[in-house]
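Coordinate inspection notes
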Amino acid sequence: MEGRGFRWGDAMTNRRSGPSSPQAVVQALHTVVRGRARFHVQGLRGSSSLKQYVESCLPQVAGITSVSASVVTGHVLVLFDPAIAAPERPPQKAWQGIAAHLVRLIHSHQRAPSPATGSAERNSTELAQVPCQSPTSPPWHTQDLTTVLETFHTSAETGLSPQAVRLNRQTYGPNLLPETPPRSRLGLFFDQFKTPPVALLSAAAGISLFTGGLADALVIMGVVLINAAIGYTTETQSDRIIRSLKQLVSPVAWVIRQGEMQELNAQDIVPGDLLVLRPGTYVAADAKVVEANHLSVDESALTGESLPVLKTVAALTDPQRPLGDRTNMVHMGTLVTGGQGLAVVVATAQATEMGQIQAMVGQAVPPPTPMERQLDRAGGQLVWLSSSVCGLVFALGLWRGYALLDMLKTSIALAVAAVPEGLPAVATTTLALGIRDMRKHKVLIRRLDAVETLGSLQALCLDKTGTLTTNQMTVVEVQTDHSRLVMTEGPWPQQPHPQSGSQAADPSDPLQQLLRVIVLCNESEYQPGSPQPLKGSATENALLDLALKAGVDVAQVRADFPLVTIQHRCEDRNVMTTLHHPPGQKYFMAVKGNPCEVLALCNWQGSDRRVRPLSPFQRQAIEAENERMAARGLRILGVAYGHSQDPALEPDHNLVWLGLVGLADPIRPGVKEVMGVFHQAGIETVMITGDQSPTAYAIGQALDLSQGEQLQILDSTDLTQLAPEVVGALCDRVHIFSRISPANKLQVVQALQRAGKVVAMTGDGINDAPALKAAEVGIAMGHTGTDVAREVADVVLEDDDLATMAVAVSQGRTIYNNIRKSVHFLLSTNLSEIMVMLAGISLGLGQPLNAMQLLWLNLVTDIFPGLALALEPPEPDVL
């Protein structure tokens, strides 16, 4: 038959990889059925890393719809569109082109660096570093632009040609990440039967049916099915509600192709495309920056860094540079907040950083909950006990001369007596009612067992950006030579001037003069009356919002001071300057930026009507104030202005100093109080963030994460150099992990679990997803969280209020304690039944109770008292 036994790749291997590389042999086994081919891949058997790599990369080839690899047989099954052909040899059949892709993938996998331990199997973090789209997989941020352009046959001026677009699309496939599949309804149903007590009851029902006890079998299975129905209904309803929160958006991107700018769906982007980046633009793929004009990108969803990152075209040399510091790269899923630029796409779909995070999510396995472990252990002991008793009674009965069928029925009755039939029903009903109560508090629970796990928490890992903070820059402090204003919730600290326009910015008042300058030296657009009146970067919006709250008429100020030109910040000059020309007046220069650099340009202090020389003592006072504000973890801007007779934009050293403006990503209201509740409940709180250590340290102090002790912080650059056992030991003492990558977050969660702790992880970004899935309880934000985070989480806070977590923990502890009371009650009553049955049969008194009577006793006398115990109100000291 065509394709049987055909060995593909021997000659190609020698030509491509050289004699030193191991040969990759792909053998076509079955290719007769159109659109379906099965291959044998040498080296696949027993290699889970190669399986993951093939299954994630091969579907990116255009026309391939499904790939399934087996580490047991070493076979790969591929479903594809029969119309596709090999990219290099169009006359070949489609399956031969797929075989050629397989050979290239195997070479790429073989060339990937091995782990330091020398093991052939890569762990999930290392596997995520192996890209799908290039056999050599260079760290793109270290490559020079010429190499990148040549690799993808593109141009920095005109972009891709139509022929190059077709070739790259065929080679790399569509720019689509596979959606996380919903939980199978059938799988959800069968999950309800996995506990040992339920399995034992099902076995007893089967034996009853086999021995003619149809009524017994029906009653037993009725109990099992009722329990399964309760669990299935509750979990499917929760899953449906959580999935309804998914943001159904179809992102678009602007690209330059053949010298013309085009708008495309993000899925149509291919490597080599030239992305046009503007404020508000969604970055559709990983790309290397070609041009950057004050380009800033919000990467908080990917890195956890709350401040926008300024991008440049400068080449970087360190291949291990953290993701948040790769300033010449932009990544899929991030947002352009300021400036403009061009970037050439180097990775799409699963080869992007977001795709690699998704691969890590697929490999993370949630551990069993504490109650699952305890019930499984109790269920195993019950199975052992009932099996032993049944075997003993069965042997005694046969020895005494009883009939085989009678002894089988007696053994079934004993098995029924040993199993607490009410336990699954009590546990499932209690957890279902707990989920219902949580829903009233805007807490959505995906899995029944997540409720009780919340009550067993010992460590809570908290993502900073978006969870502890609002992920929105806000001005929190303004310092002038006359006053220091600390912003709080509520009205503006000073009464705004009743006048509007430029008159509101009274030139005799340094504060009002400062407000006028930050309105003018600002690129954010102000559109009053629109749903989002401020459009620009987070920092610029925060400054403009400050002026609006103070009563400044932004539109009038800008009309009175027409803009002439702008000089943006750059690498060697962290100052922004705007030049304005009021009619009939001198040119007005508005300046803001790095406080030290702005201060160096100033010789004066005050305002228009009261300007005085800036003395060395006053300079020292301003520098001290700057350091004080920096210690609070604030982003600080210095503000100044000047007048000029000519339109020269370069500011001289004759500017007038106005003051300092401190911005921060503020802590969510009520979060500090919630931290106190967690500490009172004996739960350790660990903050995990992509921010720099000083910022993270300031937040940790404000939240009192160390509970009055010395706050311990560890940078991720140190974390990567430590052995797992050392990380586990440090986790007991460290309160904050800063500059954390997604792999580091997963590492921290797993280290805490290895230390024997029950761990919960909170987060809202793409970068939190692997850790959310690996934790015993993953907690995502419902309103501001990303779809990826919500899809892998066990708990979703619908209103993003972390305070509801305290309610959830209280509810979980109450349920956990009440179910333990029910278990003790049920086991004690069932033990008495076993003793009665064993004594009656051993003494030759016959069978005191049959299976049906025991079921009736267990269902009527056990379930209702057990439910009453399980529904008791919480104890006063539950937290």
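Reference entry: report on the structure contained in this document. In this text the structure is predicted, and so the values were computed from the model without any measurement. For every chain, the first residue of the written sequence is number 1, and numbering continues from 1 along that sequence. Only residues with pLDDT of at least 70 are given local features in this predicted model, and only at 80 or more are side-chain atom pairs given and counted; all residues enter the totals for whole chains, interfaces and linings. Calculation of side-chain values draws on the structure's entire complement of heavy atoms; hydrogens and water are dropped beforehand.

Let's talk about the sheet that holds strand S31 (residues 795-797)
Read across the sheet, eight strands follow the order S13-S31-S30-S29-S14-S26-S28-S27 without closing on themselves; strand pairing throughout is mixed. The sheet terminates laterally at strand S13 (443-445) and strand S27 (713-715), the two strands that pair on one side only. Looking at each pair of strands side by side, their axes are set apart by 20° on average, direction ignored. Note on pairing: DSSP must find at least two bridges between two strands before they are called paired. Segments assigned H or I by DSSP are reported as helices when at least four residues long, segments assigned E as strands when at least two residues long, and all are numbered from the N terminus. Where S27 and strand S28 (residues 736-738) come together, three bridges link them in parallel fashion. Bridging from a neighbouring strand, Ile-713 pairs with Ile-736 of S28. Fitting a line to C-alpha atoms yields each axis, with helices limited to the stretch in contact; the angle taken between N-to-C directions then spans 0 to 180 degrees.

Re the packing of aromatic side chains
Aromatic contacts are taken between Phe, Tyr and Trp rings whose centres are within 6.5 Å, Trp giving its six-membered ring; a plane angle under 30 degrees counts as stacked, one over 60 as edge-to-face, and the others as tilted. The tally for this structure, following the rule as stated, stands at four aromatic pairs. Of the aromatic side chains, those joined through ring pairs into one cluster are Trp-140, Phe-152 and Tyr-172.

Considerations on unusual backbone geometry
Not every positive phi belongs to a glycine, and His-153 is a case in point at roughly 55°. Along the chain, His-153 turns up in the loop between helix H5 (145-151) and helix H6 (162-172). The buried label applies to any residue whose accessible area, calculated with a 1.4 Å probe on protein chains only, is under 20% of its type's maximum; exposed applies above 50%, and partly exposed to all values in between. Look at His-153 and you get exposed, because its relative accessible area is 52%. Backbone geometry places Gln-707, a non-glycine residue, at a positive phi of 55°. Mapped onto the elements, Gln-707 comes out in the loop between helix H23 (693-703) and S27. Accessibility expressed as a relative area gives 46% for Gln-707, which makes it partly exposed.

Comments concerning the pairing of strand S21 (residues 587-593)
By the criterion of burial, S21 is predominantly enclosed, with seven of the seven residues buried. Every second residue of S21 is oriented toward a common face, with Tyr-587, Met-589, Val-591 and Gly-593 on one face and Phe-588, Ala-590 and Lys-592 on the other, all of them buried. Bridging between strand S20 (residues 575-580) and S21 involves six bridges; their strand directions are antiparallel. Looking at the pairing, Leu-579 lines up with Met-589 of S21. Hairpin geometry of S20 and S21 is characterised by an intervening segment of six residues between the two adjacent antiparallel strands and by a positive phi of about 75° at Gly-584.

Points about H23
Among the residues making up H23, those that are buried are Ala-696, Ala-698, Ile-699, Gly-700 and Leu-703. Residue contacts are counted whenever heavy atoms from the two residues lie within 4.5 Å of one another. As for H23, its buried residues are in contact with helix H16 (464-468), helix H21 (616-631), helix H22 (671-680), strand S26 (684-688), S27 and S28. Downstream of H23 by one or two residues, Asp-704 has phi in the positive range, about 55°.

Points about H21
Its 16 residues give H21 an end-to-end C-alpha distance of 23 Å, which sits within 8% of 22 Å, the value for a rise of 1.5 Å per residue. Along H21, the positions that sit buried rather than exposed are Ile-622, Glu-625, Asn-626 and Met-629. One side of H21 carries all its buried residues, which in axial view fall inside an arc of 105°. Exposed residues pointing more than 90 degrees away from the buried face of H21 are listed as Pro-616, Phe-617, Gln-620, Glu-627 and Ala-631. Here a helix's expected span is defined as the number of its residues, less one, multiplied by 1.5 Å. To be clear, the arc concerns the directions from the helix axis to the C-beta atoms.

Side note on the pattern of salt bridges
What counts as a salt bridge is simple: a side-chain nitrogen of Lys or Arg found within 4 Å of a carboxyl oxygen of Asp or Glu. Inspection of the entire model under this criterion finds 11 salt bridges. Across the pair Lys-821 and Glu-872 runs a salt bridge, and its minimum N-O distance is 2.7 Å. In this pair, Lys-821 is assigned in helix H29 (residues 803-842) and Glu-872 in the segment after helix H30 (851-870), connecting sequence segments 51 residues apart. A relative accessible area of 29% means that Lys-821 is categorised as partly exposed.

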